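# Breakdown of the fold
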Amino acid sequence: MNQVVLMGRLTRDPELRHTGTGTAVASFTLAVDRGYTSRDSGERQTDFIDIVAWRNTAEFVSKYFVKGQMAAVTGRLQIRDWTDKDGNKRRSAEVVADNIYFTESKKSREAAGFQAPARNDYDSGYTAPVTGSDFAELDEDDGDLPF
């Protein structure tokens, strides 16, 4: 079984690209703290894990996530063998994301100064928020909810 679950902060804005056939692909790095501290320094260590998302997941993460934002990712580990420009064989590990989740409330994101803008899929500039989207955040006043 190849199942990965991670939670951490994005180290950069997701980079959205499209393949030659038009398939969306987004890549970003997640900074994930280890569950223990170093004996020598007493500091918590961090791993920087490359994440790749495809199709709708790629479009979702590029629209709603920005550098510094906390996210949870589920997916699978993929090892790729490749040859660098000098002809040396290399190996890379990355997580192919199946799902990406918000892990902070809108209020806590705004308090930290994160405003996740909607982005245009065809250029790297920001655009006005997407209207008619299936995604909507709830207000903090959720008195009508039964839980």
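Our subject is the structure that appears above.
Residues numbered from 1 in each chain as written. Predicted model: local features only at pLDDT ≥ 70, side-chain atom pairs only at ≥ 80, totals over all residues. Heavy atoms only, no water.

### Digging into the side chain of Asp-84
Among the secondary structure elements, Asp-84 is positioned in the loop between β5 (70–83) and β6 (89–102). Looking at Asp-84, its side chain comes within polar contact range of the main-chain nitrogen of Asn-88, at 2.8 Å. In terms of polar contacts, Asp-84 uses its side chain to reach the side chain of Arg-90, at 3.2 Å. (Helix = DSSP H or I, 4+ residues; strand = E, 2+ residues; numbered from the N terminus. Polar contact = N/O pair within 3.5 Å; in protein donor to acceptor, adjacent residues only side chain to side chain.)

### Examining unusual backbone geometry
A positive phi angle, near 55°, is found at Arg-55, a position not held by glycine. Mapped onto the elements, Arg-55 comes out in helix α1 (residues 55–64). Among the residues examined, Arg-55 registers a relative accessible area of 53% and is labelled exposed. (Buried < 20%, exposed > 50% of the residue type's maximum accessible area, 1.4 Å probe, protein only.)

### Quick word on the pairing of β5
Here strand β1 (residues 4–10) runs beside β5; their pairing, made up of six bridges, is antiparallel. In the sheet register, Val-5 faces β5, and the bridge partner there is Thr-74. In terms of strand pairing, β5 meets β6 through 13 bridges, oriented antiparallel. When the bridges of β6 are listed, Val-73 appears paired with Ile-100. If you look at the hairpin formed by β5 and β6, you'll find five residues sitting between the two strands, and Gly-87 has a positive phi there, around 85°. (Pairing = 2+ DSSP bridges.)

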